[in-house]
Amino acid sequence: MLTITDKIADENNVLTVLTIGFFDGVHRGHQYLLKQVVDIARSRQLRSAVVTFRQHPREIIDPKSEIPLLTTLDEKLHLIDRCGIDYAALLDFTPEISQVTAFDYMRHTLKEKFGSKVLVIGYDHRFGCKNGDGFEEYRQYGRLLDIEVIKAKELPPPNGLKISSTTIRTALTNGDITLANQLLGYNYTLRGSVDHGQAIGRSIGFPTANITPCSPNKIVPKDGVYAVCATIEEKKHYGMLYIGNRPTLHNLNERRIEVNLFDFNEEIYQKDITVEFLERIRGEQRFDTLSELKTQLETDKTTALSICHKRPEKL
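The structure presented is a predicted model; accordingly, all values stated were derived computationally and were not measured. Throughout this description, residue numbers start from 1 for each chain and increase along the sequence as written. At least 70 in pLDDT is required for a residue's local features to be given in this predicted model, at least 80 for side-chain atom pairs to be given and counted, and no such filter applies to totals for whole chains, interfaces and linings, which use all residues. Excluded from the side-chain calculations are hydrogens and water; all other atoms, namely the structure's heavy atoms, are used.

This part takes up the side chain of Asp24. In DSSP terms, a helix is any run of H or I states spanning at least four residues, a strand is any run of E spanning at least two, and both are numbered starting from the N terminus. Locating Asp24 in the fold gives a position in the loop between β2 (16–20) and α1 (28–43). In protein, a polar contact means a hydrogen-donor-capable atom and an acceptor-capable atom, both N or O and within 3.5 Å, with residues adjacent in sequence counting only if both atoms are side-chain atoms; elsewhere, any N or O pair within 3.5 Å suffices. Polar contacts involving the side chain of Asp24 include one to the side chain of Arg169, which spans 2.9 Å. Contacts between residues were defined by any pair of non-hydrogen atoms, one from each residue, lying within 4.5 Å. Among residues more than four places away in sequence, those in contact with Asp24 are His30, Pro68, Leu69, Leu70, Thr71, Ser165 and Arg169.

Ordered in space as β7-β8-β11-β10-β9-β12, the six strands form a closed barrel in which the pairing is antiparallel. Sheet twist, expressed as the average angle between the axes of neighbouring strands with direction ignored, equals 45°. Two strands qualify as a pair provided DSSP detects at least 2 bridges between them. Where strand β10 (residues 235–244) and strand β11 (residues 256–261) come together, six bridges link them in antiparallel fashion. Directly across from Ile243, in β11, lies its bridge partner Ile257. The sheet strands contacting helix α8 (residues 177–184) are β9 (224–232) and β12 (272–282), and the helix crosses β12 at an angle near 120°. Strands in contact with helix α10 (residues 290–309) are β9, β10 and β12; relative to β12, the strand with the most contacts, it is inclined by about 100°. An axis is simply a line fitted to the C-alpha atoms; with a helix, the fit covers only the stretch in contact. Between two such axes, the angle follows the N-to-C directions and lies from 0 to 180 degrees.

Attention now moves to the pattern of salt bridges. Put simply, a salt bridge is a Lys or Arg side-chain nitrogen that is within 4 Å of an Asp or Glu carboxyl oxygen. Counting across every chain of the model gives 14 salt bridges. Two residues, Arg107 and Asp104, come together in a salt bridge whose shortest N-O distance is 3.0 Å. Linking Arg107 with Asp104, this pair stays in helix α5 (residues 102–111), spanning three residues, or about one helical turn. Categorising residues by exposure relies on relative accessible area from a 1.4 Å probe, with only protein chains included: less than 20% of the type maximum marks a residue as buried, more than 50% marks it as exposed, and the intermediate range marks it as partly exposed. Exposure remark for Arg107: the relative accessible area of 30% places this residue in the partly exposed category. On the accessibility criterion, Asp104 (28% relative accessible area) is partly exposed.

One non-glycine residue, Phe23, lies in positive phi territory at about 60°. Along the chain, Phe23 turns up in the loop between β2 and α1. When its relative accessible area of 4% is taken as the criterion, Phe23 is described as buried. Residue Val26 is not a glycine yet carries a positive backbone phi of 40°. As for its position among the elements, Val26 is in the loop between β2 and α1. In this structure Val26 comes out as buried when scored by relative accessible area, which is 0%.

Ordered in space as β1-β4-β3-β2-β5-β6, the six strands form an open sheet in which the pairing is parallel. Two strands close off the open sheet at either side, each with one partner strand: β1 (3–5) and β6 (148–151). Between one strand axis and the next, the sheet turns through 25° on average, direction left out of account. Sheet topology places β2 next to strand β3 (residues 47–53); five bridges connect them, and they run parallel. What sits directly across from Ile20, in β3, is Val51. Sheet contacts for α5: β2, β3, β4 (87–91), β5 (116–121) and β6; angle to β5, the most-contacted strand, approximately 120°.

See below:
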């Protein structure tokens, strides 16, 4: 089980195989790196550890930047835990940290605070205020500090496409859920609470739950209709989800997230809901009448059910 801490080294002299990064999304590339950390730690009878940050470093370095995120902090830690890591050292990224050299960071933070005996570096990862420092410099510093520095193996890119948080963010904003899920290694999720709506969907036989995301920084995929699996109070339900401004109702300045759950008729207002995106069915469309909208929703439901029933795991 993952232990979240701000200090690992103590009187018990805990020694770690450690890696460092923000790990937004904990995608397949991150998972491949973390597996290497776990395997090395087990082979040397050490503990595995990750040093990560509460805030995206770019938000501190450039306060005007807004970084849409793939995971909330809780989601990120849950995914790191699933990789079998023993410790997550959770830090605040500060302007002061951004000015620390790689050598001083390795000495004062990684070695003295987190007991690093081995440092596993992602193949393209850099840290420290000197942009010229790279793997060879880290390895040199490690010799002086008695830290073995290992360059992680790179996961072969699927279809020649580099796995990165940036690529996945782009896929989501383009509505390419299939690609995003492939690179993540799991289905993208959005968590929020259920709020009252205008009950228009109920009037045409498609009642919807309006979702307010729990994090304003998390990416909401491109407008359109998606096949989803929703979890409410640990129970899963298939459905279809709409993101958009509801042009048929002329609410063009109000982006909404609404989910219609299949074979479901329970009161869930103010309850937490997590939606798992399976596939995008279509983009946003405007219909002249509610009757035309209802006809399209019936077609969307048939498509969504077909997608849901193809899933290897059953509810």
